[in-house]
Structures are given as structure tokens and as C-alpha cells.
Amino acid sequence: MSKLWGGRFTKKTDQLVEEYTASILFDKELAEEDIQGSLAHVTMLGTCGILPLEDVDKIKNGLLKVQSKIRQGDIEFTVGDEDIHMNIEKALIEEVGPVGGKLHTGRSRNDQVATDMHLYLRKRVVEFVGLLNKLQEALLGQASQNLDTIVPGYTHLQRAQPILFAHHLMAYVSMFQRDIERLQDSYKRINVLPLGAGALAGTTFPIDRHFVAQQLGFDGVYENSLDAVSDRDFIIEFLSNASMIMMHLSRLSEEMILWSSTEFRFVELDDAFCTGSSIMPQKKNPDVPELVRGKTGRVYGNLFGLLTVLKSLPLAYNKDMQEDKEGMFDTVRTLQGALQLYAPMVSTMKVNKERMRQAVNQDFSNATDIADYLVNKGLPFRQAHEVIGKTVLYCIQNGKFLLDLKIEEYHQFSDLFESDIYAVLQPEQVVNARNVYGGTATGQVSAAISRAEAVKQQTDEWFEQFYNKSK
């Protein structure tokens, strides 16, 4: 069968040109969405009286047969047919005859492919909200089990102040909540229908775009036909959101890698999420978090790649825009893999509470509390800061920690020290002294977990509602 657009041409397309310009090798992933959009489009053509209902029924039945064959792997896509749209239309014509050629009435591949990608990303965004929610659930589970676990908190990767391990985990719950909210907000820009914009200017046929939008579950239609076929903002927004999610996962991965090292020994990852060495039998390598950290770069690359493609394109559609798909598909697969693995990896992680407590007892992360102690006794903070700096230096020079010093040693630095200093320096006291909203005190963290669980329930409800709508 000749090219569906071949009437204008007198020569066959060069084989190298066909291979170079074809997108079927990657846009075949849009097969389900392409048929979904076509079924709604042809239904509208019949409702509006543009096609006879008899033809509409034949085309719909043919599309369903083509869909079934694709799912069973019985249709071989070819580079000669360029893309998923032409491959499906060719298969449809072979199935129902020339009437299949009427399917393309009132539309262009330009608005067709845009519709496919809106349908595709709509599903993915809802899926990722669900996966992030499961990761939050795993983090909340670990946080709830570690409300009595104290760990050094770090700045500059240097021990700073003792905090609850649950408080540390809850920081990631907050990060992923922002990711969820960004995805939810992007949904309204994804859930807009471009079909009916034609190649760039609309169509002469009396179509009903709002009918198609209703059929496909879109909240509205693009206001401007030029914008409809040339807009890829919704993909860039998704790639940007995905980049931030991967950045958050990468930061957590870095900590997982550090925490599970012999030097830290704060956590142990389950064997199911680690691998060994081909030469060193003692090794247990945290490959999953390492790969998540590494794959973050490719997600960033996909974002910058599409931004670069679009930066100087005139309206409306240009062939350059074919480059919008591979990076999008790659990002979806990369993010899917990371999120599917991360929740079970977190939930099965073993926390070494004793080792964390040992680390807290053998550092100077309670030094700030001594400064506050002296301030409460009337010493200006800047002077208190200097006193404690000298006290810590004395400890370092003498191989001691702050709780090891006798009261006489404290008096070398200030007469304001009394025996109650030892209670102030206890890790539990240091943690619970920070009893402010958002702080690390046990009561505050417990309340934060309760608030996060309530928000998670709202996300569950959103997911259920929009999952059914996006199918």
C-alpha cells in the first residue's frame, strides 16, 4: 500500500530518509492512547452527521480488532509507515477496507499525536501520585517505629545536633508531599484536549470538540488551534516535576548509601535490594540507591533536551517536535522503576538504634544546648558561644566528651555551670527541648506523623478518583 500522504509526490522516499524520520520504533508505546482517541473521534463524526453511522460502526469495530491484535502481538509495525498513527490507520484499512480511510476526517496527525501524549501523561501522573503515596507510607511506618531513636543531625556532613531519626525521615515525607502536589496541579494542564485543532487552524467540518473531550474525560479543550498542536509545556512540566522527584530520591539514596556503610552502620538494607561483588565475597553493595542516584542525571538530561528542542521553534508544528517522546518515555520508565523499588526498600530497612545512640554519645552535637544553658543564666549568647568553643577544644585535647567532664572542669570556663548541666546534656533532653512546631521533640514529631497520615488519606482519595478517570 502506498503512503497515505503520497498523492503529492512523484518519487519514493529514500530508504535512509524513511529510517531517519520514522518514529514508530518509540511512539508505538502510544498505541492504546491512539486507538482510544480515534474511537472518541469517530464516535463524534457519527454524532455530528459527518460520517454515516454504518461507517462509524465499521470503523469502531475495526479499531477494536486492531487493538486486540496489537495486544496479542499480531501486528508488525513498519518504519515505512512512519509512526503509530499511520501504522494503525494502515492496519484499520486492511481490516475494514477503504472505509477505514474516513477515520482521519476532520483531524491531522498534529492534533492526533498531541492528544495521544495528553492521554499518556494523564495516566502516568496519576500512577506516580500513587507510587509516591506508597513511598510516604513506608517512610511514615519507619518514622512511627523510631520515635525513640536518636541520631546525629548533620550540617556540612558534620555532626550538628541530636535529632529523632523519625524527624529525619519526616523531612522526606514533606519533600515527596510537595512532589505529589506538583503532579496533582499539573494534571489540570495535562487534562486539556487538543483534538480538533487540525494541522494548525482547525477544520472545515462541523465537529464537536467538547463532545470528544467529554468522551475522553478531559476537563476542557485548547482555546487556540495553533497553541493546541505546538504546546509541549505539559511534557516539560512533567519532566521538571520528575527531575525534582528524582533529585529528592537521589538525596535519600545518598543517605541510604552513607548510613549502610561500615563507617556509619546506622541502617542495613534488605538483601533483596543489594548485590555482591564478583571478587570480594564480603561485600554487600547498595546498588538500588546507587542506580537511583545515577539515573537522576538522565532524567535531568531529558528535561534539558526538550527545552533545547523547543527554544527557537516557530509556530505551529515542526518535525523537531518528534524529539519530545523518547525522553518522555525514558523518564517515565526511569521514575517508575525507582519508585516501585523504593517503598519496599524503605519498609524492609533495618534501623540500628544502638549504633545511632552510640554515635550521639560520642560527639559534641549537644554543645549548642550548653550555650543556651548559659544564656538562660544571663550570659550574652556571643560570650556563651566562645565559652563552649573553648570547652569543646579542651575536650578534644583531652580525649573527652561533654558528659565526661567533671563540674570542676566546667568551672574552668564559667562559674555559671552547676550540676544541672548533666541533665541538660542528655540526648533525650536535647531532642525534647526543641518543642516547637516542626521541631524534633518527640511530641512534635508524633503530631507531624498524624498530620501526614491525614494528608496521605486525602491523597488516597484523589488517586482513586483520578485513576478511574484516567483509564
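Residues numbered from 1 in each chain as written. Predicted model: local features only at pLDDT ≥ 70, side-chain atom pairs only at ≥ 80, totals over all residues. Heavy atoms only, no water.

Under an unreviewed UniProt entry, the protein has the name Argininosuccinate lyase and belongs to Paenibacillus baimaensis. Among the UniProt annotations of the protein, the heading Catalytic activity (unreviewed entry) holds the following wording: "2-(N(omega)-L-arginino)succinate = fumarate + L-arginine". Listed in UniProt under the heading Subcellular location (unreviewed entry), the comment for the protein reads: "Cytoplasm". (UniProt positions renumbered as here; feature names shortened; annotations may be inferred.)

**Remarks on the layout of surface pockets**
Here the largest pocket defines a volume of roughly 500 Å³. Looking at side-chain class alone, the lining of the largest pocket contains 10 nonpolar, six polar and three charged residues. (1 Å grid on protein atoms, 1.4 Å probe; cavity = no way out; pocket = protein on both sides within 12 Å on 5 of 7 lines; lining within 4 Å. Points joined across faces, edges and corners; volume = space filled by probe spheres on them. Nonpolar A, V, L, I, M, F, W, Y, C, P; charged D, E, K, R; others polar.)

**What about the pairing of strand β1 (residues 150-155)?**
Two strands pair when backbone bridges link them, and β1 and strand β2 (residues 158-164) are joined in this way by six bridges, in the antiparallel orientation. The residue bridging Ile-150 from the neighbouring strand is Leu-164, located in β2. (Pairing = 2+ DSSP bridges. Helix = DSSP H or I, 4+ residues; strand = E, 2+ residues; numbered from the N terminus.)

**Here we look at the packing of helix α4 (residues 53-72) against helix α5 (residues 84-96)**
At a minimum axis separation of 9 Å, α4 and α5 run at an interaxial angle of 115°. Here α4 and α5 pass one another in a crossing that is right-handed. The residues of α5 that touch α4, namely those facing Lys-58, Ile-59, Gly-62, Leu-63, Lys-65, Val-66, Lys-69 and Ile-70, are Ile-88, Ala-91, Leu-92, Glu-95 and Val-96. Its residues assigned to classes, the contact of α4 with α5 comprises eight nonpolar, one polar and four charged. (Axes fitted to C-alpha atoms, helices over the stretch in contact; angles between N-to-C directions. Left-handed = near helix turned anticlockwise from the far one by under 90°. Contact = heavy atoms within 4.5 Å.)

**Let's talk about the nonpolar core**
Proteins that are soluble and globular tend to have nonpolar side chains buried together. Among the nonpolar cores identified, the biggest contains 114 residues, and Phe-165, Met-170, Leu-249, Leu-339 and Tyr-342 are the most heavily contacted of them. For this core, the leading source of residues is helix α6 (residues 109-145), giving 16 residues. Among residues more than four places away in sequence, those in contact with Tyr-342 are Leu-135, Leu-249, Leu-252, Ser-253, Met-256, Pro-289 and Val-292. Residues Ala-371, Val-392, Cys-395 and Leu-402 belong to the second largest nonpolar core, which totals 18 residues. (Core = buried A, V, L, I, M, F, W, Y, C linked by side-chain atoms within 4.5 Å. Buried < 20%, exposed > 50% of the residue type's maximum accessible area, 1.4 Å probe, protein only.)

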